[in-house]
Amino acid sequence: AKERGRNIYHVYTVVLHEELNKRMKLMKRLRQAVERDKLSVYYQPKVDMNSRRIVGAEALVRWIDDDGTIIGPDQFIPIAEDTGLIIPISDFVLKTACKQLSAWHSLGFSELSMAINLSGKQLQSPDLVEQIMQIVEDSKVPPQSLELELTEQVFIENIQSHTNFMHAVRDKGIALAIDDFGVGYSSLSYLKHFPVNSLKIDRSFVQDLPHDKDDATLTQTIINLAKSLDIGLVAEGVETEAQVEFLLDRDCTIGQGFLFSRPIPAHEFTQLLNQYKGQ
Ligand code: C2E
Ligand code: CA
Ligand code: CA
Ligand code: CA
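The structure reproduced in this document is the subject of the present report. These numbers were taken from a predicted model, which means no experiment stands behind them.

## A word on the packing of aromatic side chains
Aromatic ring pairs are defined here through the distance separating the ring centres and the angle between the ring planes.
At step 1: The final tally for this structure, using the stated rule, is five aromatic pairs.
At step 2: Taken together, the ring pairs in this structure connect Tyr43, Trp104 and Phe269 into an aromatic cluster.
At step 3: Geometry around phenylalanine 246 places arginine 250 over its ring, the cationic atom sitting 3.6 Å from the centre.
At step 4: Sitting above the plane of the phenylalanine 258 ring, arginine 262 keeps its charged end 3.9 Å from the centroid.

The following block contains the structure:
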């Protein structure tokens with residue numbers, strides 16, 4: 001038994017060591033990627049499912065490796081948060097997305113809005129609102145065309161700095177959306193306390209619509225909730241026409257998902273905008 005114990009311990013140490021090593025390497029590569037401008041912002045359209053017009057874009061960060069491999073944010077945002085790299089990364093995303101929005105407005109798509117993701121970690125920075133406003137002013141986009149997406153967790157934690165941040169942002173005219181809405185929380189009272197403009201129905205509810213009875217009920221409930229609180233709604237992860245029909249029948253008109261487009265580079269998004277305009 002003693003022998004086995006030692007072996008297990010040995011295995012754990014090796015695994016831990018390898019994990020740590022991998023993390024350190026990734027951290028170093030990520031830092032270099034940030035310094036060497038290897039990050040890129042992709043955009044995914046938010047679509048009015050009735051008219052099929054693009055009403056907005058969500059900025060989604062990508063890391064383009066030297067060999068062209070595209071690394072998704074799920075693989076590096078957590079590490080970026082732990083190391084503080086989230087600050088320069090977000091700065092880059094915000095600047096790039098605002099500049100791009102300004103360009104699209106200049107091309108005549110003046111109604112287009114831009115959504116940007118923020119993580120809870122970032123809200124701990126006391127001058128975040130000033131940073132954001134500086135970028136907004138420099139890019140000359142109206143604050144009203146910007147939206148910040150925060151996950152439900154950030155609202156629930158109910159930390160004073162979060163509350164201050166949200167009110168300050170709303171005072172500037174920037175909209176707030178709750179991302180991944182409905183994932184595993186029972187208390188909804190926070191909806192009353194925060195100046196929320198819209199909520200995004202999490203992909204996991206939309207995925208098995210319309211046939212999954214539970215998801216259908218939950219989606220209907222979320223739609224009712226938003227309507228009664230007079231909050232805007234976006235359905236995430238729309239992949240099929242049957243889902244569109246289900247959502248439109250229930251008066252949820254804005255959708256985002258692979259059915260309309262995957263997240264794409266800016267120049268491709270411009271082509272999409274032109275296509276939709278021409279229809
Ligand atoms: P999210 O904010 O929930 O973004 C939506 C994610 O769902 C995106 O993944 C998008 O590619 C994916 N998606 C969209 N439509 C569909 C669909 O129809 N089917 C499926 N299966 N997936 C769909 P992505 O780009 O990998 O982003 C993952 C997460 O990383 C985001 O989730 C967001 O939380 C975070 N993230 C992305 N960019 C940033 C950023 O600039 N800052 C911060 N703090 N987080 C970011
Ligand atoms: Ca989001
Ligand atoms: Ca989401
Ligand atoms: Ca998510």
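## Considerations on the coordination of the calcium ion (ligand 2)
At step 1: Only Glu58 (OE), Asn117 (OD1), Glu149 (OE) and Asp179 (OD) from the protein reach the calcium ion (ligand 2) as donors, at distances of 2.1 to 2.3 Å.
At step 2: Mapping the donors of the calcium ion (ligand 2) onto the primary sequence gives the spacing E-x58-N-x31-E-x29-D.
At step 3: Between the calcium ion (ligand 2) and the calcium ion (ligand 3), a spacing of 4.1 Å is present, and a bridge between the two is formed by aspartate 179. Of this pair, glutamate 58 sits in strand 2 (residues 53-64) while asparagine 117 sits in strand 4 (residues 113-117), and the two are 59 residues apart along the sequence.

## Some thoughts on the site of ligand 1
At step 1: The environment of ligand 1 is formed by 23 residues, the closest being Arg62, Asp179, Arg203, Glu239 and Phe258.
At step 2: The separation between a nitrogen atom of ligand 1 and a polar side-chain atom of glutamine 44 is 3.0 Å.
At step 3: At 2.5 Å, a side-chain N or O of glutamate 239 approaches a nitrogen atom of ligand 1.
At step 4: Relative to its unbound accessible surface of 800 Å², ligand 1 loses 83% to contact with the protein.
At step 5: Of all the elements in the fold, those that place two or more residues in the shell around ligand 1 are strand 2 and strand 6 (175-181).
At step 6: Top element by residues in the shell around ligand 1 is strand 2. It accounts for four residues.
At step 7: Of the residues contributing to the shell around ligand 1, the split by class is nine nonpolar, six polar and eight charged.

## Here's the deal with the side chain of glutamine 100
At step 1: Note on placement: glutamine 100 falls in helix 3 (residues 86-106).
At step 2: Given a relative accessible area of 18%, glutamine 100 falls into the buried group.
At step 3: Not counting the four nearest positions on each side in its chain, glutamine 100 is found in contact with Tyr43 and Ala266.

## A short note on the pattern of salt bridges
At step 1: Counting across every chain of the model gives 13 salt bridges.
At step 2: For lysine 200, the salt bridge goes to glutamate 58, with nearest N and O atoms at 2.8 Å. Highlighted residues: lysine 200 in strand 7 (residues 198-201) and glutamate 58 in strand 2, separated in sequence by 142 residues.
At step 3: Among the residues examined, glutamate 58 registers a relative accessible area of 4% and is labelled buried.
At step 4: For glutamate 236, the salt bridge is made with lysine 200, and the minimal N-O distance between the two is 3.8 Å. Taken together, the positions of glutamate 236 in the loop between strand 8 (232-235) and helix 10 (241-249) and lysine 200 in strand 7 put the pair 36 residues apart, joining distant regions of the chain. For the pair shown, glutamate 236 and lysine 200 are each scored as buried.
At step 5: When salt bridges that share partners are traced, they join Lys46, Glu58, Glu147, Glu149, Lys200 and Glu236 into one network.

## Looking at the coordination of the calcium ion (ligand 3)
Four donors placed tetrahedrally about a metal ideally form angles of 109.5 degrees, and six donors placed octahedrally ideally form angles of 90 or 180 degrees.
At step 1: The calcium ion (ligand 3) binds to the protein through Asp179 (OD), Asp180 (OD), Glu236 (OE) and Glu236 (OE); the donor distances cover 2.0 to 2.6 Å.
At step 2: Spacing between the donor residues of the calcium ion (ligand 3) along the chain follows D-D-x55-E.
At step 3: The class for aspartate 180 is partly exposed, based on a relative accessible area of 28%.
At step 4: The buried category is assigned to glutamate 236, whose relative accessible area is 11%.

## Quick look at the pairing of strand 5 (residues 146-151)
At step 1: Taken across its six residues, strand 5 has five buried, putting it largely inside the fold.
At step 2: Of the strand pairs in this sheet, strand 4 and strand 5 are connected by four bridges, and their pairing is parallel. From the neighbouring strand, alanine 115 faces strand 5, where its bridge partner is glutamate 147.
At step 3: Pairing analysis gives five bridges linking strand 5 to strand 6, with the strands arranged parallel. Among the inter-strand pairings, glutamate 149 is bridged to a residue of strand 6, identified as alanine 177.

Criteria and thresholds
- Residues numbered from 1 in each chain as written.
- Chains lettered and ligands numbered in written order.
- Predicted model: local features only at pLDDT ≥ 70, side-chain atom pairs only at ≥ 80, totals over all residues.
- Heavy atoms only, no water.
- Phe/Tyr/Trp six-rings, centres within 6.5 Å; stacked < 30°, edge-to-face > 60°.
- Lys NZ or Arg CZ within 6 Å of the ring centre and 35° of its normal.
- Donors = N, O, S within 2.8 Å, 3.2 Å for Na, K, Ca; no water.
- Helix = DSSP H or I, 4+ residues; strand = E, 2+ residues; numbered from the N terminus.
- Near = heavy atom within 4 Å.
- Polar contact = N/O pair within 3.5 Å; in protein donor to acceptor, adjacent residues only side chain to side chain.
- Areas by Shrake-Rupley, 256 points an atom, 1.4 Å probe, with all protein chains shown as cover.
- Nonpolar A, V, L, I, M, F, W, Y, C, P; charged D, E, K, R; others polar.
- Buried < 20%, exposed > 50% of the residue type's maximum accessible area, 1.4 Å probe, protein only.
- Contact = heavy atoms within 4.5 Å.
- Salt bridge = Lys/Arg side-chain N within 4 Å of Asp/Glu carboxyl O.
- Pairing = 2+ DSSP bridges.

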